[in-house]
Amino acid sequence: MNNTRKIENGSITSVPGFRASGVTAGFKRSGAPDFAMIVADSPCNCAGVFTSCRFAAAPVVYDRELISANGKLQAAIINSGIANACTGARGMDAAKRSSELAGAALGIDPKLVAVSSTGRIGTQLPLDLIERGIELAVKTLDDPDGGNAAARAIMTTDTVPKATALELELQGRKVTIGAMTKGAGMIDPKLVGLHATMLCYVATDAGISSSLLQEMLEKNAEDSFNRITVDGDMSTNDTVIAMANGKSGAVIEKDTKDAEAFQAALLEVMQNLARRMVGDGEGSTKLVTIEVVNAPTEKDAKIATEAVANSLLCKTAWFGNDPNWGRVVAALGYSGAEFDPDKCDVFFGEIPVVLQGGDAGTPEEALLDTVRQPEFTIRCDLHSGSCSYWMWSSDISYEYVKINADYHT
């Protein structure tokens, strides 16, 4: 894994030159923390990938333009409880004003402040709560556990905060990458570049240009957050933002061994958080890896994998510990992928359940130990080419229905 070392209890503030805080501003009726702030000691090179949803939230539109125009960030504020999505011109004004308020409080250019929101769609963002959150967050920026406090403050239906950090050595120097994310429902991101709800913030002290960081972030998103699904629903607010302050002194140049090592370490961080998001999916009891191999094209492999990963019938079977492989082959069959069903094999774990398109003869009792595990793999071999794809999915439980039937942040 690239000779990386995971930092115990690591977070975004494990990276030298970054501070963070998480406070209660009043967005959540429960009184739980609901406002986070991340601040770098100096302006950073930056990159971002965002939801491809046509109803992109105001902060997504604002941040996308900010990063595209400036290529620099120094801070980010995040509120949890109101998404500021489908709020029109007033919502855009609120996003801009939030940035201005944070910039004034921190004494920095507001164009260096990204803003993010998560929560209920269609509700206008109360600027008095933003002001309160900023005031409280600035006062607690020196909290030594500020990174983990920020991770807690951005949660909505998440049951646990998600933060991580690691170190690697480049050019004889220690380079650190820290990150935090949230997301438990409305998770099936299709993140694109400058053209989540899941939200992810990454910090590093590597010296790297905004353009190269953008390139790496886009590629790694394809192999991490774009490989997960909880319920097949994409959010209006999906966002991944990365900031690099260069404080380590290690400079990453394109097409070098150092760039390769750094990108792999960044992917390790992003996959760690993506996998934990699925494991913490709303009401989730299972994390299921879906693999489709030997498809004729990557597109065929992808759509076949997505069909199984998002099938409600498969997801409910996994929850019920039911090794119903018929639901898997049905999903493969309607996916639109090109393959010969008479050549298809399906495995639950290492156990064959379908061989050459028919029942492999494995007794259901032999499969129970596999499907009762909190994590297992379903592998589908199409024997029709050489392309493959994989995704992490979760089951759908009674609790998922309850959470989303009762949801009101």
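Figured I'd write up the structure that's included with this text. These numbers come from a predicted model, not from an experiment.

Concerning the overall build of the protein
The number of helices and strands found in the protein is 11 helices and 16 strands. Computed over C-alpha atoms, the radius of gyration of the protein comes to 22 Å, within 12% of the 22 Å expected from 2.2 N^0.38 for 409 residues, which places it in the range of a compact globule. Reported as C-alpha extents along the three principal axes, the dimensions of the protein are approximately 70 × 50 × 35 Å.

Observations concerning the side chain of Thr370
Relative to the elements of secondary structure, Thr370 occurs in helix α10 (residues 364-371). Residue class for Thr370 comes out buried when judged on its relative accessible area of 14%.

A look at the side chain of Thr204
When you line up the elements, Thr204 lands in strand β8 (residues 199-204). Reaching out from Thr204, the side chain makes a polar contact with the backbone nitrogen of Ala206 at a distance of 3.1 Å. When neighbours within four sequence positions are excluded, Thr204 is seen to be in contact with Val15, Phe18, Val175, Thr176, Ile177, Met243, Ala244, Asn245, Gly246 and Phe262.

Some thoughts on the pattern of salt bridges
Side-chain pairs of opposite charge can arise whenever the charged atoms involved come near each other. Taken as a whole and assessed by the stated rule, the structure comprises 13 salt bridges. Of the charged contacts, one joins Asp142 and Arg19 as a salt bridge, the two residues approaching to 3.3 Å between their closest N and O atoms. In this pair, Asp142 sits in the loop between α3 (127-139) and α4 (146-153) while Arg19 sits in strand β2 (residues 18-23), placing the two residues 123 residues apart along the sequence. Judged by its relative accessible area of 30%, Arg19 is partly exposed. For Asp280, the salt bridge is made with Lys162, and the minimal N-O distance between the two is 2.8 Å. Both residues of the pair, Asp280 and Lys162, belong to the buried class. Beyond isolated ion pairs, a larger network of salt bridges with shared partners links Arg5, Glu167 and Lys174.

A word on the packing of helix α5 (residues 210-222) against helix α6 (residues 257-279)
In a pair of packed helices, the angle between the axes and the distance between the axes together describe the arrangement. Running from N to C, α5 and α6 point in directions that differ by 45 degrees, and their axes come no closer than 10 Å. One finds that α5 runs oblique with respect to α6. Of the two possible hands of crossing, α5 and α6 adopt the one that is right-handed. Every residue of α6 that contacts α5 at Leu213, Met216, Leu217, Lys219, Asn220 and Ala221 is listed here: Ala259, Phe262, Gln263, Leu266, Leu267 and Met270. Looking at the contact of α5 with α6 residue by residue, the classes come out as nine nonpolar, two polar and one charged.

The rules behind these values
Residues numbered from 1 in each chain as written. Predicted model: local features only at pLDDT ≥ 70, side-chain atom pairs only at ≥ 80, totals over all residues. Heavy atoms only, no water. Helix = DSSP H or I, 4+ residues; strand = E, 2+ residues; numbered from the N terminus. Rg over C-alpha atoms; globule rule 2.2 N^0.38 Å. Buried < 20%, exposed > 50% of the residue type's maximum accessible area, 1.4 Å probe, protein only. Polar contact = N/O pair within 3.5 Å; in protein donor to acceptor, adjacent residues only side chain to side chain. Contact = heavy atoms within 4.5 Å. Salt bridge = Lys/Arg side-chain N within 4 Å of Asp/Glu carboxyl O. Axes fitted to C-alpha atoms, helices over the stretch in contact; angles between N-to-C directions. Parallel < 35°, antiparallel > 145°, perpendicular 65-115°, else oblique. Left-handed = near helix turned anticlockwise from the far one by under 90°. Nonpolar A, V, L, I, M, F, W, Y, C, P; charged D, E, K, R; others polar.

Fair warning: the whole summary comes from geometry, so function is off the table for now.
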